[in-house]
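Observations on the three-dimensional arrangement
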Amino acid sequence: AASIVVPYLVNLGIAANIKRLIRKNSAAKAYFQNYAAIYVIFVVLSGGAYPALAVVSSNMFGLVIFNSGLTRFEMKKLSKIKIFGTIILENLPQLGCQVLYSYILGTITQTTQLAFIASVLSMTASTLSYFVEKNVADT
């Protein structure tokens, strides 16, 4: 339960402090002043601060509630939220549970093997995505 509750609470904490993370962008600051509740609702529904941020920054349907004012460059810089939320708070505890489960059983089941592989692939993809986006943002 902790591997679900802790990431959820941390993402809610990030949502509560989003104005601090975007303080240099006056358009985004104004957006979150007016539409913070929309962003928080998306965080509550998705469980992730970064996916919710991507939705409110998507300019979907040309609606103002989906135009946070964050630039692509700023979104790439904020992708560290995604890495922290996905790898550190979700995938690592899952791997720990899988190892503990296998240890208690005294064997590694096929299901545990597949879950372990999926977790490692997810961590690898997220890490590579972060570094690729970081390198693009730095150039």
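Presented here is an overview of the structure given in this document.

The subject of this paragraph is the overall build of the chain. Helix and strand counts for the chain come out as seven helices and zero strands. Overall, the chain is about 55 × 35 × 25 Å in size when its C-alpha atoms are taken along their principal axes. Out of the 139 residues in the chain, the part that is buried amounts to 29%. The long-range share in the chain, meaning contacts at least 24 apart out of those at least 6 apart in sequence, stands at 61%. In the structure as shown, the chain presents an accessible area of about 8,700 Å², 67% of it carried by carbon and sulfur atoms. Charged side chains of the chain number 11 positive and 4 negative; the gap between the two group centres comes to 8 Å.

As a further point, take the environment of M75. By the secondary structure assignment, M75 is in helix α5 (residues 72-77). Residue contacts for M75: discarding those within four places in its chain leaves Y50, L53, A54, S57 and L70.

What follows covers the packing of aromatic side chains. Per the stated rule, a full pass over the model turns up four aromatic pairs. Chaining the aromatic ring pairs together yields one cluster made of Y31, F32, Y35 and Y39.

Cut-offs applied
Residues numbered from 1 in each chain as written. Predicted model: local features only at pLDDT ≥ 70, side-chain atom pairs only at ≥ 80, totals over all residues. Heavy atoms only, no water. Helix = DSSP H or I, 4+ residues; strand = E, 2+ residues; numbered from the N terminus. Buried < 20%, exposed > 50% of the residue type's maximum accessible area, 1.4 Å probe, protein only. Contact = heavy atoms within 4.5 Å. Areas by Shrake-Rupley, 256 points an atom, 1.4 Å probe, with all protein chains shown as cover. Lys, Arg positive; Asp, Glu negative; His and termini not counted. Charge placed at Lys NZ, Arg CZ, Asp CG, Glu CD. Phe/Tyr/Trp six-rings, centres within 6.5 Å; stacked < 30°, edge-to-face > 60°.

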